[in-house]
Amino acid sequence: VTNKLLADSAFPVEPYINKKIAEQIGVAFMGDCVTGTGTSEPTGFTVTTNANSVLSGSSGALAIATVPKLALKVKPQYRKNGKWACNGTTLGVLWGLDVAAYGHIMSFSPASNKFTICGQDCIEMSELADIGASAYPLWYGDFNAACKIIKRQDINVLRNPYLAPGFTYFYTTTRLGFLTVLPEALAKMKSHNS
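Starting from 1, residues in each chain are numbered consecutively following that chain's sequence as written. pLDDT decides what is reported in this predicted model: residues at 70 or higher carry local features, side-chain atom pairs at 80 or more are listed and counted, and totals for whole chains, interfaces and linings draw on all residues regardless. Only hydrogens and water are set aside when side-chain values are computed; all heavy atoms of the structure are taken into account.

1. Topic: the overall build of the protein chain
Labels follow the DSSP assignment, with helices taken as runs of H or I lasting at least four residues and strands as runs of E lasting at least two, numbered in each case from the N terminus. Of regular secondary structure, the protein chain possesses 7 helices and 9 strands. Here the C-alpha radius of gyration of the protein chain, 21 Å, is well above what a compact globule of 194 residues would show, namely 16 Å. Its C-alpha atoms put the protein chain at 65 × 35 × 35 Å along the principal axes. Exposure categories follow from relative accessible area, calculated using a 1.4 Å probe and restricted to protein chains: below 20% of the type maximum is buried, above 50% is exposed, and the middle band is partly exposed. By the burial criterion, 34% of the 194 residues in the protein chain qualify as buried. Here the globule rule is a power law, 2.2 Å times the number of residues to the power 0.38, and the radius of gyration is based on C-alpha atoms.

Quick look at the structure:
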């Protein structure tokens, strides 16, 4: 950022930069928690979790009738805090299937912008797989019990006004960790093999 902008702007530039950096760190980290490889990033729960699974009833797709069966794969003590997880594409397909077949398994609240499946919230995770042969596009379980996020250090911002004349550089660091500790609290649905 130019030093002139930092000094003269009526808009609070530095807090804005810090907020945007924190947002981007959060987006990247949560993506890693889902599909991270473990190399310079956390190992995501989809990579480490050999969760209970349900096979969908139709080739290369999901059958809406098999969706409630996924919740029953999770032990009752984890079901009470259970949530569904899928990406937006899968959510749209499930919504269309439900309207056509039943019209009551899923609901949407415009006020809270929330989808529910079988009365429980659905978390939209864009990193999860699309519906397709041998993919796992739909997950269910108690994610709070199954996964732990460890914050070792809050976001630190170091200002460097000396690197380039007229500019201030912002270096941002944080220490976060993620681990799947209770895989039996999750279940996943597999699209039928094509």
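2. Some points on the packing of aromatic side chains
Here the aromatic set is Phe, Tyr and Trp, taking the six-membered ring for Trp, and pairing holds for ring centres within 6.5 Å; pairs whose planes are under 30 degrees apart are stacked, those over 60 apart are edge-to-face, and all others are tilted. Per the counting criterion, the structure on display carries 6 aromatic pairs. For the pair Trp95 and Phe115, a centre-to-centre distance of 5.5 Å together with 80° between the ring planes defines the contact as edge-to-face. With Trp95 in helix α6 (residues 88-101) and Phe115 in strand β4 (residues 114-117), this residue pair connects regions lying 20 residues apart in the sequence. The exposure class of Phe115 is partly exposed, given its relative accessible area of 21%. A ring has a charge above it when a Lys NZ or an Arg CZ is no more than 6 Å from the ring centre and no more than 35 degrees off the ring normal. Just above the ring of Tyr136 sits the side chain of Lys188; from NZ or CZ to the centre is 4.3 Å.

3. Some remarks on the nonpolar core
Counting residues in each nonpolar core, the largest one holds 35 residues, and the members touching the most others are Phe45, Leu70, Trp84, Leu94, Ile117, Leu138 and Trp139. Those elements giving two or more residues to this core turn out to be α2 (13-35), α4 (67-71), β2 (83-86), α6, β6 (138-141), α7 (143-146) and β9 (186-192). To define a nonpolar core, start from buried Ala, Val, Leu, Ile, Met, Phe, Trp, Tyr and Cys residues and group those joined through side-chain atoms within 4.5 Å.

4. So, the pattern of salt bridges
The term salt bridge refers to a side-chain nitrogen of Lys or Arg lying within 4 Å of a carboxyl oxygen of Asp or Glu. Evaluated as defined, the whole model comprises 4 salt bridges. One salt bridge connects Glu14 with Arg159, and the closest N-O pair in it is separated by 2.4 Å. With a gap of 145 residues between them, Glu14 in helix α2 and Arg159 in strand β7 (residues 147-160) connect regions that are remote in the sequence. Of the residues examined, Arg159 reaches a relative accessible area of 40% and is grouped as partly exposed.

5. Overview of a nonpolar patch on the surface
The patches reported here contain residues having more than 30% relative accessible area and no salt bridge. Joining distances are 9 Å for like charges and 5 Å for nonpolar side chains (Val, Leu, Ile, Met, Phe, Trp, Tyr). Accessible areas in this description were obtained via Shrake-Rupley with a 1.4 Å probe; residue shielding takes into account the shown protein chains only. Together, Leu158, Leu163, Phe167, Tyr169 and Tyr171 give the surface a local cluster of nonpolar side chains, amounting to about 510 Å² of exposed area. Topologically, Leu163 is positioned in the loop between β7 and β8 (169-180).

6. Quick notes on the layout of surface pockets
The definitions used throughout rest on a 1 Å grid laid over the protein atoms alone, on which a cavity is an enclosed set of points accommodating a 1.4 Å probe that cannot get out and a pocket is an open set flanked by protein within 12 Å on both sides along at least five of seven lines; lining residues are those having an atom within 4 Å of a point. Grid points are joined across faces, edges and corners, and a volume is the space filled by probe spheres set on the points. Counted as a void, the largest pocket has a volume near 390 Å³. Taken together, 21 residues form the lining of the largest pocket, with Met30, Val34, Ile123, Met125 and Phe143 sitting closest to its centre. Going through the elements one at a time, α2, α7 and β7 are the ones with two or more residues in the lining of the largest pocket. Per-class residue counts for the lining of the largest pocket are 11 nonpolar, 6 polar and 4 charged. Just so you know the grouping, Ala, Val, Leu, Ile, Met, Phe, Trp, Tyr, Cys and Pro go in nonpolar, Asp, Glu, Lys and Arg go in charged, and all remaining residues, Gly too, go in polar.

7. With respect to the environment of Asn18
With respect to the helices and strands, Asn18 occurs in helix α2. Remark: the alpha-carbon pair of Asn18 and Phe170, spanning 152 residues in sequence, is separated by 8.8 Å.

No statement about biological role is implied by the geometric values presented.
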